[in-house]
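Spelled out, the chains give:
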Amino acid sequence: MSESATDEVQESVNASANATARVPSTPEGMAIAYGSLVIMALVPILIGAFRSVRHHKEQKESGEKPDTMTQKDAAMFPIIASCALFGLYVFFQLVSKDYINYLLTGYFFFLGILALTHLLSPVVSKIIPASVPNIPFHLLLVKGKAPQTEDILNYEFTSHDLVCMGLCSGIGVWYLLKKHWIANNLLGFAFAVNGIELLHLNNVVTGCILLGGLFFYDIFWVFGTNVMVTVAKSFEAPIKLVFPQDLLEKGLDANNFAMLGLGDIVIPGIFIALLLRFDNSLKRKSNFYFNATFFAYFMGLVATILVMHLYRHAQPALLYLVPACLGTPLFLALVRGDIKTLFKYEDHPAEAEVVIETKKLE
């Protein structure tokens, strides 16, 4: 009886292990996974860049003061990012990752719904029947009394936006409960597009400082330590795009994922978006620098994947993406005689002039 029971238990354990074990990646599965990741990286940059042009025009027309990254902010960003990354690594070593991930999941759940709503509202508004009234709302929270008041929250939305938020909340709940890779990618996609649209680099110099600093940041934390890889594997939040390599074998229940961090999309993406706005400022009826750098990003991403499989080791994507995204436009601008114009270009030159005048007065 004892031996028979033991055999039954062992068979049950083996069956359970086989059901949850990762299926080895096939060449076809890897090709589909990494091809999909490349497409999922390119599409947010394409959409976000053109949305950034529209957002930039709307800011100028409304006279809204833009939030742009200064050169000091760009120089400090890799240091701040390093502190945050190492802090998460220490937390994961000292505290159960389940507790940390519960907190982070809740935080990104709300942020993800807002990001997805902002992305899909224009589309959903066109689908909603005309019989559904589009009622405007204005949420305003101010500090102090008139005439000396400060806006803490000033947000305008419509009833159609609320319908869209309801739909996006369903996706957020799906992610919250199941952590399904499709829900993760929908939220991650929204984060990437919104980041590229709303995070503005004011000029190329700032972009060079930011990308140059993160170039060394990525190399150090991937090659010099196991911190980046450990945090990436432990961190359960939609800050990375994933695609299963065993999709052909296990379908939507696949669990052997290839992944790409959103930072490898958003950081080069905001620089590529700046080049699109630069192209528009030249008024040559072409997006030459944007198209060239967009293609260079694509080639850098392909190079990252190829080197990773050649050496079978995690690669810092920015090691390949930064030279591609910086070297391409700078070289082409030098050849075409646009190098001075490129470095002089600023999204908001009026803002820079105000700062200079203020310093002179001081």
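Just so you know, these numbers come straight off a predicted model, no measurement behind them.

Overview of unusual backbone geometry
Here's step 1: Look at lysine 283: it is not a glycine, yet its phi comes out positive at around 55°.
Here's step 2: Here lysine 283 shows up in the loop between α10 (263–282) and α11 (288–311).
Here's step 3: Positive phi values are uncommon outside glycine, yet lysine 285 reaches one of about 60°.
Here's step 4: Along the polypeptide, lysine 285 turns up in the loop between α10 and α11.

Topic: the environment of histidine 160
Here's step 1: Examined against the element boundaries, histidine 160 turns out to sit in helix α5 (residues 159–178).
Here's step 2: For the pair histidine 160 and valine 132, spaced 28 residues apart in the sequence, the C-alpha separation amounts to 8.3 Å.
Here's step 3: Beyond its immediate chain neighbours, meaning those up to four positions away, histidine 160 contacts Ser125, Ile128, Val132, Pro133 and Asn134.
Here's step 4: A distance of 3.2 Å separates a polar side-chain atom of histidine 160 from the backbone oxygen of valine 132.

Here's the deal with a nonpolar patch on the surface
Here's step 1: A cluster of nonpolar side chains, contributed by Ile39, Val43, Leu46, Ile47 and Phe50, occupies part of the molecular surface with about 400 Å² of accessible area.
Here's step 2: Position of valine 43 relative to the elements: it lies in helix α2 (residues 27–62).

Observations regarding empty space enclosed by the protein
Leftover empty space is mapped by rolling, across the atoms, a probe with the size of a water molecule.
Here's step 1: Tallied over the entire structure, the rule returns one cavity of 30 Å³ or more.
Here's step 2: Of the voids in this model, the largest cavity is the one considered here, and its volume is about 40 Å³.
Here's step 3: If you trace the largest cavity, you find it lined by Asp279, Leu282, Arg284, Ser286, Phe288, Tyr289 and Arg336.
Here's step 4: Taken together, the residues of the lining of the largest cavity sort by class into three nonpolar, one polar and three charged.

Some details on the confidence of the model for the protein chain
Caution is warranted with low-pLDDT regions, since their predicted coordinates should not be read in detail.
Here's step 1: On average, residues of the protein chain score 85 in pLDDT, and 90% of them are at 70 or above.
Here's step 2: Least confident of the elements in the protein chain is helix α1 (residues 2–20), whose mean pLDDT is 41; most confident is helix α12 (residues 318–336), at 95.
Here's step 3: Contacts for the low-pLDDT stretch residues 1–20, under 50 throughout, to residues beyond four places or in other chains number two contacts.
Here's step 4: Across residues 351–362 the pLDDT falls below 50, and counting only partners more than four positions away or on other chains, this stretch makes three contacts in the model.

So, the UniProt feature "transmembrane region" (unreviewed entry) in the protein chain
Here's step 1: Mapped onto the present numbering, the UniProt feature "transmembrane region" (unreviewed entry) falls at residues 31–53, 74–94, 100–120, 204–223, 257–276, 288–311 and 317–335.
Here's step 2: Span residues 31–53 is 100% helix and 0% strand, its end C-alpha atoms 34 Å apart.
Here's step 3: Each end of residues 74–94 is marked by a C-alpha atom, and these two atoms are 31 Å apart; helix forms 100% of the span and strand 0%.

Regarding the environment of aspartate 73
Here's step 1: One can find aspartate 73 in helix α3 (residues 71–94).
Here's step 2: Taking the relative accessible area as the measure of exposure, aspartate 73 reaches 39% and is therefore partly exposed.
Here's step 3: Along the sequence, aspartate 73 and leucine 210 sit 137 residues apart, while their C-alpha atoms lie 8.4 Å from each other.

Points about the nonpolar core
Here's step 1: By size, the foremost hydrophobic cluster in this structure holds 84 residues, and its most contacted members are Leu37, Leu211, Ile265, Phe271 and Tyr297.
Here's step 2: Here this core takes 12 residues from α10, the largest share from any one element.
Here's step 3: Apart from the residues within four sequence positions on either side, leucine 37 is in contact with Leu241, Val242, Phe243, Ala258, Met259 and Leu260.

Conventions used here
- Residues numbered from 1 in each chain as written.
- Predicted model: local features only at pLDDT ≥ 70, side-chain atom pairs only at ≥ 80, totals over all residues.
- Heavy atoms only, no water.
- Helix = DSSP H or I, 4+ residues; strand = E, 2+ residues; numbered from the N terminus.
- Contact = heavy atoms within 4.5 Å.
- Polar contact = N/O pair within 3.5 Å; in protein donor to acceptor, adjacent residues only side chain to side chain.
- Patch = residues over 30% accessible without salt bridge, like charges linked within 9 Å, V, L, I, M, F, W, Y side chains within 5 Å.
- Areas by Shrake-Rupley, 256 points an atom, 1.4 Å probe, with all protein chains shown as cover.
- Salt bridge = Lys/Arg side-chain N within 4 Å of Asp/Glu carboxyl O.
- 1 Å grid on protein atoms, 1.4 Å probe; cavity = no way out; pocket = protein on both sides within 12 Å on 5 of 7 lines; lining within 4 Å.
- Points joined across faces, edges and corners; volume = space filled by probe spheres on them.
- Nonpolar A, V, L, I, M, F, W, Y, C, P; charged D, E, K, R; others polar.
- pLDDT = per-residue confidence, 0-100.
- UniProt positions renumbered as here; feature names shortened; annotations may be inferred.
- Buried < 20%, exposed > 50% of the residue type's maximum accessible area, 1.4 Å probe, protein only.
- Core = buried A, V, L, I, M, F, W, Y, C linked by side-chain atoms within 4.5 Å.

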